[in-house]
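# Structure at a glance
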Amino acid sequence: MTKDSIGIDISKANLDAHRAKTGETARFANSPTGLRALRNWIGAQRPDLIVYEASGPYHAVFERALAASLPLVKVNPLQARRFAQARGTRAKTDAVDARMLAAMGVAFDLIPNGPQPENQHVLKELQIARMALIKDRTRLLNRQKTQTLALTRRQTKSRLDQIKRQLAELDGEVLRLVRQCPNRARAFDIVRSIPGVGPITAAAILVECPEVGTMTSKQAASLAGLAPMTRQSGQWRGKAFIQGGRKILRDALYMPALVAARYNPDLKQKYNAMIGAGKPPKLALTALMRKLIELANALIKQDRNWQPKSA
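Let me sum up the structure you'll find in this document. Please read all numbers here as calculations on a predicted model, not as lab measurements.

### Side note on the overall build of the protein chain
Each helix and strand in the protein chain was counted, giving 12 helices and seven strands. For the protein chain, restricting intrachain contacts to residue pairs at least 6 apart in sequence, the fraction spanning at least 24 positions comes to 57%. For the protein chain, the computed accessible surface area is about 17800 Å², with 54% contributed by carbon and sulfur atoms. For the protein chain, the distance from the average position of its 51 positive side-chain charges to the average position of its 24 negative side-chain charges is 9 Å.

Okay, here's the thing in structure tokens:
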């Protein structure tokens, strides 16, 4: 039987819905009232899938309202667009997107997302706020280098001090919330046990990759955008390169990889071996970033802290 798949196109103002099984369509306001109306339109008969695209802040309220009671499937917007193009659909409207999402759920036999960890949406919002402050701090530090007036330098210093206090406040709240959930607290301690991974990085890994500990090594690397993509056609062999994945997660792994290259005995050995083989330092660091997320995933799956390899 064909799956009862519903596609939802989410925009700032509206939710466009399409039910593949019956061909029904509807539009609702992207608001608490509209979400209640959408739930009524779906009806008491639980669908197999509700497929929607990741749309930044616009899908967050939708997820929080429906994730507990309905089988939601979040898909990559680029993959959804490529699916529509493969079906010969060139038009792009909200109604068309909803229809394509519903069809995508059936064609790919998608599986509903698992339940989100406790306070995940709160932690994600705090992480976004933290990244915005980091960008502000970098911008101000760069500007400070060229400022010559006492007034502008004083204002920049005042703003930098404010950002420092706000970052400390955000970091304290993130760590407090991470500790609230026993499972997440245990995963946090496991990731922290890896040399080179500090508390802020460990929290970022758990926030940006709540699936960590449930995946294969290849899936973990791919999700972080650290799995090299092979490029071959006939006799042609192109260079493999990384692409896609979760950028914030990948950024969070960069500094720990630098530290691990010096202080993690296992990863230091790998880094030196790659450099000795003539690999560029950037490539070697990328390999360490991949090893770190794979290691965190494996340790959480095995519920054990990091231990150095025996000689």
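### Comments concerning a nonpolar patch on the surface
Residues Tyr254, Met255, Leu258, Val259 and Tyr263 make up a contiguous nonpolar surface patch of about 480 Å² in total accessible area. Within the secondary structure layout, Met255 lies in helix α10 (residues 247-263).

### Quick notes on empty space enclosed by the protein
Within the structure shown, the criterion is met by one cavity of 30 Å³ or more. Looking at the largest cavity, its volume works out to about 50 Å³. In terms of lining residues, the largest cavity is bounded by Gln127, Arg130, Asp171, Val174, Leu175, Ile200, Ala203 and Ala204. Those elements that provide at least two residues to the lining of the largest cavity are α5 (120-144), α6 (150-180) and α8 (199-208). In terms of residue class, the lining of the largest cavity is made up of five nonpolar, one polar and two charged.

### Examining the layout of surface pockets
The space that makes up the second largest pocket amounts to roughly 470 Å³. Along the walls of the second largest pocket sit 19 residues, with Arg130, Met131, Ile248, Asp251 and Ala252 positioned nearest its centre. In terms of residues, the lining of the second largest pocket owes the most to one element, α5, which gives seven residues.

### Things to note about the packing of aromatic side chains
Tallied over the entire structure, the rule returns three aromatic pairs. Where Phe83 meets Phe108, the ring centres are 5.3 Å apart and the plane angle is 70°; that geometry is what we call edge-to-face. With Phe83 in helix α3 (residues 77-86) and Phe108 in the loop between α4 (94-107) and α5, this pair connects stretches of sequence that are 25 residues apart.

### Describing the state of the cysteines
Under the criterion given, the structure shown has zero disulfides. Free of any disulfide, Cys181 has its nearest neighbouring cysteine sulfur in Cys209, separated by 15 Å.

### So, the side chain of Asn297
Structurally, Asn297 is set in helix α12 (residues 281-302). Apart from the residues within four sequence positions on either side, Asn297 is in contact with Glu211, Val212, Gly213, Thr214, Met215, Thr216, Ser217 and Ala220.

### Brief notes about helix α11 (residues 265-276)
Here α11 is 12 residues long and its end C-alpha atoms lie 16 Å apart, about the 16 Å a rise of 1.5 Å per residue gives. Turning to α11, its buried residues number three or more, namely Asp266, Leu267, Tyr271 and Met274. Seen along its axis, α11 keeps its buried residues to an arc of 130°; they face one direction. Exposed and oriented more than 90 degrees from the buried face of α11 are Gln269 and Gly276. Packing partners of the buried residues in α11 comprise α10 and α12.

### Some remarks on the sheet that holds strand β2 (residues 14-19)
The strand order across the open sheet formed by five strands is β3-β2-β1-β4-β5, and the pairing between neighbours is mixed. Every other strand in the sheet has two partners, leaving β3 (25-29) and β5 (72-75) as the edge strands with one partner each. Across the sheet, the mean angle from the axis of one strand to that of its neighbour is 25°, orientation sign disregarded. Of the pairings in the sheet, the one linking strand β1 (residues 5-10) to strand β4 (residues 49-53) comprises four bridges and is parallel in character.

### Here's the deal with α6
With 31 residues, α6 should reach 45 Å at 1.5 Å per residue; the first-to-last C-alpha distance of 45 Å fits that figure. Of all the residues in α6, the buried ones are Thr156, Leu160, Ile163, Leu167, Leu170, Asp171, Val174, Leu177 and Val178. Packing partners of the buried residues in α6 comprise α5, α7 (182-192) and α8.

### Examining the pattern of salt bridges
Per the counting criterion, the structure on display carries 17 salt bridges. One salt bridge in this structure joins Arg27 and Asp94, with 3.5 Å as the shortest N-O distance. Separated by 67 residues along the polypeptide, Arg27 in strand β3 and Asp94 in helix α4 bring together distant segments of the chain. Given the relative accessible area of 48%, Arg27 is considered partly exposed. What makes Asp94 partly exposed here is its relative accessible area of 29%. Note that Lys247 is salt-bridged to Asp251, the shortest N-O span being 2.7 Å. Taken together, the positions of Lys247 and Asp251, both in helix α10 and four residues apart, correspond to about one turn of that helix. We classify Lys247 as exposed; its relative accessible area is 52%. Judged by relative accessible area, which is 37%, Asp251 ranks as partly exposed. Sharing partners across several salt bridges, the network here consists of Asp16, Arg27 and Asp94.

About the cut-offs
- Residues numbered from 1 in each chain as written.
- Predicted model: local features only at pLDDT ≥ 70, side-chain atom pairs only at ≥ 80, totals over all residues.
- Heavy atoms only, no water.
- Helix = DSSP H or I, 4+ residues; strand = E, 2+ residues; numbered from the N terminus.
- Contact = heavy atoms within 4.5 Å.
- Areas by Shrake-Rupley, 256 points an atom, 1.4 Å probe, with all protein chains shown as cover.
- Lys, Arg positive; Asp, Glu negative; His and termini not counted.
- Charge placed at Lys NZ, Arg CZ, Asp CG, Glu CD.
- Patch = residues over 30% accessible without salt bridge, like charges linked within 9 Å, V, L, I, M, F, W, Y side chains within 5 Å.
- Salt bridge = Lys/Arg side-chain N within 4 Å of Asp/Glu carboxyl O.
- 1 Å grid on protein atoms, 1.4 Å probe; cavity = no way out; pocket = protein on both sides within 12 Å on 5 of 7 lines; lining within 4 Å.
- Points joined across faces, edges and corners; volume = space filled by probe spheres on them.
- Nonpolar A, V, L, I, M, F, W, Y, C, P; charged D, E, K, R; others polar.
- Phe/Tyr/Trp six-rings, centres within 6.5 Å; stacked < 30°, edge-to-face > 60°.
- Disulfide = S-S within 2.5 Å.
- Expected span 1.5 Å × (residues − 1).
- Buried < 20%, exposed > 50% of the residue type's maximum accessible area, 1.4 Å probe, protein only.
- Arc of directions from axis to C-beta.
- Pairing = 2+ DSSP bridges.
- Axes fitted to C-alpha atoms, helices over the stretch in contact; angles between N-to-C directions.

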